[in-house]
Amino acid sequence: MSQYLLSVHSVEDSEPGEPRSPEQMQQFMERIYALEAEMKDGGNFLFTGRLHGPDASTVVRSTGGRPVMTDGPFAEAKEHIAGFYIIQADDLDAALIWAGKVAECINEPIEVRPFFEMPGS
Amino acid sequence: MTASGAGPKDKRVVEQVFREAYGQALATLVRFLGDITAAEDAIQDAFVVALDRWRLAVPPNPAGWIVTTARNRAIDELRRSGRGDELRRQMFLEGDYEVGRPEAGPVSDDRLRLMFTCCHPALRIESQVALTLRLLGGLSVEQIARSFLVAEPAMAKRLTRAKYKIKAAKIPYRVPAGAELGRRLSPVLTVLYLIYNTGLDDLESNTLRSDAIRLARVVVRLMPDEPEAAGLLALMLLNESRVPVRRSGGDLVLLRDQDRQRWDRSLIEEGLGLVRACIRRDRPGPFQLQASIQAVHCHAPTFEDTDWRQIVVLYDCLFSMMPTPVVALNRGVAIGEVEGPEVGLELLDAAGAELDSFHLFHAARGSMLRRMGNREAARAAYLRALELAPNEVDRRFLAGLIAQADSACWIPDREETR
């Protein structure tokens, strides 16, 4: 099995995937939990996380051997990673099926990237 | 294919036979080795051996010979790096290959598997086309670069990146199953049609066109229940039947002026047979409808006998499935043949917004305006088409139409007959 990062991309100031009312939020979370249970049953789930917005991020660079910090995201873009799944799957087609399910659930584009396979792992 | 025991061959013959067997041999080696680049390297080694040995006699099964030779080379290579035993064991365990069997037979399905890998929707379309031509057509990077007007290093980079992605992301090497198949077949057919159409730009060389037809035949043979595959093959064969008369001394010859006696009857018969089989199946799709339209043209003994009403019905169906501006343009032209140029022009202008930079749109408008007797407007439309025309042949043809519009003996209805 290969490992894939499924990253959830969202566009600043527009949250089309976010449910509005508490009832919608409830349904949304139920769908997410059901999907994660399905991933776990298939032995595909490894890790997931939801991130705070880019306003909460800090970039650290090493300048002349000293860490220098700057406020804000690394890339000045409107699109940011809002969360991610790390899954394992037999091949890209299998990973794409999971990505499709996540995209349907969250209603945001999902980027699928393979993890580099370390020799001997 | 040349039989064994044939006489000495020159390098060109060896190259030709090798290229024809390339796709099948490579596809089988990818299955054995599980890696495209390793398979390509092994085949390259086998080619050097073939140049030497095949000059005396081309083997009866060139693809099998290449597979055996390349496989042995690959195993030697891996043995040197200490992985040979592992590979042998793995190949033996896979069960569809017997170690030591002479000229291990390539499985024709391998080519289909490789086609689905090359045309995976996770790859961009330019990469799908380039990979298909390189890996299944056996074309060199330089040949592919030339066909698509791309610099050779850029094309080499495109291929390397696509192969990297296949390996890193694990794009599978298999024919998709069940419901997935229909969705995944469509890009395969699109790639083959793009390859064919690119071949039409260079009528002197038939390499791309014959590759596209050859690969479409493989798809049709291995997937006989897919009418769109048969439709694509029919479409290409019917187009191909007219290639010999599409030019005269380097000049464009329109359908209405072509010498129909010189259309290739055997290609037409084969194409018409496929179209009839598609119609019996009654599962129409865009390629089948386009093939049916070409079939109506091929069926007409003269241009005047063309059944335009039938063609309009077919374009109506096609437009309901594929409402693209180009289909709207062709439909407008067909309707113009049935209901007159005024109706045709109205339809063209309605479809026009997205077609304004397409030279054939303006050429078609010019033709409608000419038939309506509007000389000045026709001339202006031809001039716009001339400015946009992508190649010399089209430009020369359009310049001829403009010259006719300028001449004193202008006859609206006879303009395109030369």
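Undergrad: Describe unusual backbone geometry, with residues and values.
TA: Residues and elements named next belong to chain B. Here K170, not a glycine, exhibits a phi torsion of approximately 60°, which is positive. Counting through the fold element by element, K170 comes out in the loop between α8 (152-169) and α9 (178-200). Look at K170 and you get buried, because 20 C-beta atoms sit within 10 Å. Despite not being glycine, D282 shows a phi value in the positive range, around 60°. Here D282 is to be found in the loop between α12 (265-281) and α13 (286-299).

Undergrad: Quick rundown of the domain arrangement of chain B? Include the residues and the values.
TA: Residue and element names in this part refer to chain B. Domain parsing of chain B yields domain 1 (11-106), domain 2 (109-223), domain 3 (227-323) and domain 4 (350-418). A separation of 24 Å is found between the C-alpha centroids of domain 2 and domain 3. At the junction of the two partners, domain 2 supplies 14 residues and domain 3 supplies 12 residues. Listing elements by their share of the side of domain 2 that touches domain 3, those giving two or more residues are α9 and α10 (207-222). Per-element accounting of the side of domain 2 that touches domain 3 gives the leading share, seven residues, to α10. Along the lines of polarity and charge, the residues of the side of domain 2 that touches domain 3 split into 12 nonpolar, no polar and two charged.

Undergrad: An account of the sheet that holds strand β2 (residues 45-50) of chain A is requested, with residue identities and associated values reported.
TA: Residues and elements named next belong to chain A. Spatial ordering of the open sheet is given by β2-β5-β1-β6, a layout of four strands whose pairing is antiparallel. The open sheet has two free edges, formed respectively by β2 and β6 (110-114), since each of these has just one partner strand. Pairwise comparison of adjacent strand axes, ignoring direction, gives a mean angle of 20° for this sheet.

Undergrad: An account of the packing of α9 of chain B against α10 of chain B is needed here, citing residue identities and associated values.
TA: Residue and element names in this part refer to chain B. It is the contact of α9 with α10, at a shortest axis distance of 7 Å, that shows an interaxial angle of 155°. Considered as vectors, α9 and α10 are oriented roughly antiparallel to each other. α9 and α10 meet at a crossing whose hand is left-handed. Contacts between α9 and α10 involve V188, L192, I195, Y196, T198, G199 and L200 from the first element and L208, R209, D211, A212, L215, A216 and V219 from the second. Class assignment of the residues belonging to the contact of α9 with α10 gives a composition of 10 nonpolar, two polar and two charged.

Undergrad: Would you mind going over the nonpolar core in detail, with residue names and values included?
TA: Core analysis: the biggest nonpolar cluster contains 100 residues, and L6 of chain A together with A25, L29, I43, L192 and A216 of chain B have the highest contact counts within it. Sorting elements by how many residues they give to this core places helix α1 (residues 11-33) of chain B first, with 12 residues. Residues in contact with L6 of chain A, not counting those within four places in the same chain, are F84, Y85, I87, W98, A99, V102, I110 and V112 of chain A.

Undergrad: With reference to specific residues and values, describe the environment of Q88 of chain A.
TA: Residue and element names in this part refer to chain A. Assignment of secondary structure puts Q88 in strand β5 (residues 79-89). For the pair Q88 and M1, spaced 87 residues apart in the sequence, the C-alpha separation amounts to 5.9 Å. In this view, Q88 contacts M1, S2, Q3, N44 and L46; residues no more than four positions away in its chain are not counted.

Undergrad: Can you tell me about the environment of P227 of chain B, naming the residues and giving the values?
TA: Residues and elements named next belong to chain B. Tracing the backbone through its elements, the reader meets P227 in helix α11 (residues 227-240). Of the residues examined, P227 has 23 C-beta atoms within 10 Å and is grouped as buried. In this structure P227 touches C278, R281, R283, G285 and Q288, once residues within four positions along its chain are discounted.

Each value, and the rule that gives it
- Every chain's residues receive numbers from 1 upward, in the order its sequence appears when written.
- Chains carry letters and ligands carry numbers; both start at the beginning, A for chains and 1 for ligands, and go up in the order they are written.
- Selection of residues for local features in this predicted model requires a pLDDT of at least 70, selection of side-chain atom pairs for listing and counting requires 80 or more, and totals for whole chains, interfaces and linings are taken over all residues.
- A run of H or I in DSSP becomes a helix once it reaches four residues, and a run of E becomes a strand once it reaches two; helices and strands are each numbered from the N terminus.
- Think of it as a crowd count around each C-beta: if 20 or more other C-beta atoms lie within 10 Å the residue is buried, if 12 or fewer it is exposed, and in between it is partly exposed, with C-beta placed from the backbone throughout.
- Each domain's extent is set by a domain assignment, obtained either automatically or from a database.
- Throughout, a pair of residues is in contact if the C-beta atoms placed from their backbones lie within 7 Å.
- Three classes are used, and their members are as follows: Ala, Val, Leu, Ile, Met, Phe, Trp, Tyr, Cys and Pro are nonpolar, Asp, Glu, Lys and Arg are charged, and the others, Gly among them, are polar.
- Any two strands with at least two DSSP bridges between them are considered paired.
- Note on geometry: axes are lines fitted to C-alpha atoms, helical ones only across the stretch in contact, with angles between N-to-C directions running from 0 to 180 degrees.
- Orientation is classified from the angle alone, with under 35 degrees giving roughly parallel, over 145 giving roughly antiparallel, 65 to 115 giving roughly perpendicular, and any other angle giving oblique.
- Rotating anticlockwise by less than a right angle from the far helix to the near helix defines a left-handed crossing, while the corresponding clockwise rotation defines a right-handed one.
- Any nonpolar core is a set of buried residues, restricted to Ala, Val, Leu, Ile, Met, Phe, Trp, Tyr and Cys, that join up through C-beta atoms within 7 Å.

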